[in-house]
Amino acid sequence: MAAGPLEGRQILIIGGGPIAQLCLRWCIHQRGTVSLMTRSSISRSAALRGGASCVLDCKTSSPEIREHMSTLGVMPDVIIDCTSDASVLSWALGSVADYGRIVLVGDPGEPRDRKFTSDLLLRGLSVCGVHDRCTFNKWTDEAAASVFFSALNSRSFRTDDLVSRTYPSSSICELYETLASRGEMLGLLIDWQNQTESV
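Quick notes on the rules
- Residues numbered from 1 in each chain as written.
- Predicted model: local features only at pLDDT ≥ 70, side-chain atom pairs only at ≥ 80, totals over all residues.
- Heavy atoms only, no water.
- Helix = DSSP H or I, 4+ residues; strand = E, 2+ residues; numbered from the N terminus.
- Rg over C-alpha atoms; globule rule 2.2 N^0.38 Å.
- Buried < 20%, exposed > 50% of the residue type's maximum accessible area, 1.4 Å probe, protein only.
- Areas by Shrake-Rupley, 256 points an atom, 1.4 Å probe, with all protein chains shown as cover.
- Lys, Arg positive; Asp, Glu negative; His and termini not counted.
- Charge placed at Lys NZ, Arg CZ, Asp CG, Glu CD.
- Pairing = 2+ DSSP bridges.
- Axes fitted to C-alpha atoms, helices over the stretch in contact; angles between N-to-C directions.
- Salt bridge = Lys/Arg side-chain N within 4 Å of Asp/Glu carboxyl O.
- pLDDT = per-residue confidence, 0-100.
- Parallel < 35°, antiparallel > 145°, perpendicular 65-115°, else oblique.
- Left-handed = near helix turned anticlockwise from the far one by under 90°.
- Contact = heavy atoms within 4.5 Å.
- Nonpolar A, V, L, I, M, F, W, Y, C, P; charged D, E, K, R; others polar.
- Core = buried A, V, L, I, M, F, W, Y, C linked by side-chain atoms within 4.5 Å.
- Phe/Tyr/Trp six-rings, centres within 6.5 Å; stacked < 30°, edge-to-face > 60°.
- Expected span 1.5 Å × (residues − 1).

J.: Explanation requested: the overall build of the chain in the structure shown.
T.: Check the secondary structure of the chain and you find seven helices and eight strands. Taking 16 Å as the expected radius of gyration for a compact globule of 199 residues, we find that the chain reaches 18 Å, a close match to that expectation. Among the 199 residues that make up the chain, the fraction classed as buried is 38%. A total accessible area of about 11,600 Å² is found for the chain, and carbon and sulfur atoms account for 52% of it. With 19 positive and 22 negative side-chain charges, the chain shows a separation of 4 Å between the mean positions of the two kinds.

See the structure below:
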């Protein structure tokens, strides 16, 4: 909803974590053409499996960013920022198409660190922040869950490839150690179906 109608639009998602991956799959489900920008190799692989048309191995602050962006062929109509990097907004304002839209999903912690540029006014851009409480006067928890689970059930919105590792319920401690290590991973799944009596 925050990105507006997506069918036939060029969308660039910045970030490679679980939220970015879900955004990518939702935009593809809505028939957008989606590219993703991340430095994480596991996230780039997941994006390609999820249907990304292009995956850029860079950051918005990379010196080679213009060269990478030229591979898209056109400026994106929508940029979705799923990072916690406050500097991404300024870059996105200069990189989205005229009259384009920037959706802020990631939280840098200090909103005042985000900087607007003259592009916002001179090029007719819009910026929308979203969080789980944003309903756009349409979405209730029940309505969102219905759309999400219907898409999952129809297999047009897939998440099975986002699980980096499955843990039996008896290995919860190991799962938390993995989370604490902050290695490259997307999703960790707890297998509750094969519980043992001791859990």
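After that view, the rundown keeps rolling.
J.: Can you help me understand the sheet that holds strand β6 (residues 126–129) in this one?
T.: Across a sheet, strands are paired by hydrogen bonds formed along the backbone, either parallel or antiparallel in direction. Read from one edge of the open sheet, six strands run β3-β2-β1-β4-β5-β6, paired in parallel fashion. Whereas interior strands pair on both sides, the edge strands pair on one side only; in this sheet they are β3 (54–56) and β6. The sheet shows a mean angle of 20° between the axes of neighbouring strands, taken without regard to direction. Where strand β4 (residues 78–81) and strand β5 (residues 101–104) come together, four bridges link them in parallel fashion. If you follow Ile80 over to β5, its bridge partner there is Val103.

J.: Before we go on, may I ask you to explain the pattern of salt bridges in this structure?
T.: When their charged atoms lie close together, side chains carrying opposite charge are able to pair. Per the counting criterion, the structure on display carries seven salt bridges. Taken together, the shared-partner salt bridges in this structure form one network comprising Arg39, Arg44 and Asp57.

J.: Honestly, the confidence of the model for the chain in this entry has me stumped. Any pointers?
T.: Low-confidence regions, as indicated by low pLDDT, have predicted coordinates that should not be scrutinised in detail. For the chain, per-residue confidence averages 84 on the pLDDT scale, and residues scoring 70 or more make up 90% of the total. For the chain, per-element mean pLDDT is lowest for helix α3 (residues 65–70), which scores 81, and highest for β4, which scores 95.

J.: What's the story with the side chain of Arg123 in this structure? I'm lost.
T.: The topology assignment puts Arg123 in the loop between α5 (119–122) and β6. The buried category is assigned to Arg123, whose relative accessible area is 13%.

J.: Just checking my understanding: could you explain the packing of helix α1 (residues 18–29) against helix α2 (residues 41–49) for this structure?
T.: Geometry of a packed helix pair, given as the angle between the helix axes and the separation of the axes. The contact between α1 and α2 brings their axes to 10 Å, and the two run at 15°. One element, α1, and the other, α2, form an angle in the roughly parallel class. Like other packed secondary-structure pairs, α1 and α2 cross with a definite hand, here right-handed. In this structure, α1 uses Gln21, Leu24 and Arg25 to contact α2, whose residues at the interface are Ser43, Ala46 and Ala47. Split by residue class, the contact of α1 with α2 holds three nonpolar, two polar and one charged.

J.: Mind showing me how you'd approach the nonpolar core here?
T.: A general tendency of soluble globular proteins is for nonpolar side chains to be buried together. In this structure, Leu12, Met37, Leu56, Met69, Ile79, Trp91 and Ile102 are the most contacted members of the largest nonpolar core, which totals 19 residues. At the level of secondary structure, the elements contributing two or more residues to this core comprise β1 (10–14), β3, α3, α4 (88–95) and β5. Top contributing element to this core by residue count: α4, with five residues. Grouped together as the second largest cluster of nonpolar side chains are 17 residues, Ile13, Leu24, Cys27 and Leu36 included.

J.: I would appreciate a short explanation of the packing of aromatic side chains in the present structure.
T.: Between two aromatic rings, the relevant description is the distance of the centres plus the angle of the planes. For the coordinates displayed, the defined rule picks out one aromatic pair. Centroid distance Phe148 to Phe149: 5.1 Å. Interplanar angle 75°. Geometry classified as edge-to-face. The exposure class of Phe148 is partly exposed, given its relative accessible area of 28%.

J.: Would you explain α1 in this entry?
T.: A rise of 1.5 Å per residue sets the reference length of α1, with its twelve residues, at 16 Å; its end C-alpha atoms lie 16 Å apart and thus fit the reference within 8%. Among the residues of α1, Ala20, Gln21, Cys23, Leu24, Arg25 and Cys27 are the ones counted as buried. Each element contacted by the buried residues of α1 is listed here: β1, β2 (33–37), α2 and β4. Backbone geometry just after α1 places Arg31 at a positive phi near 70°.

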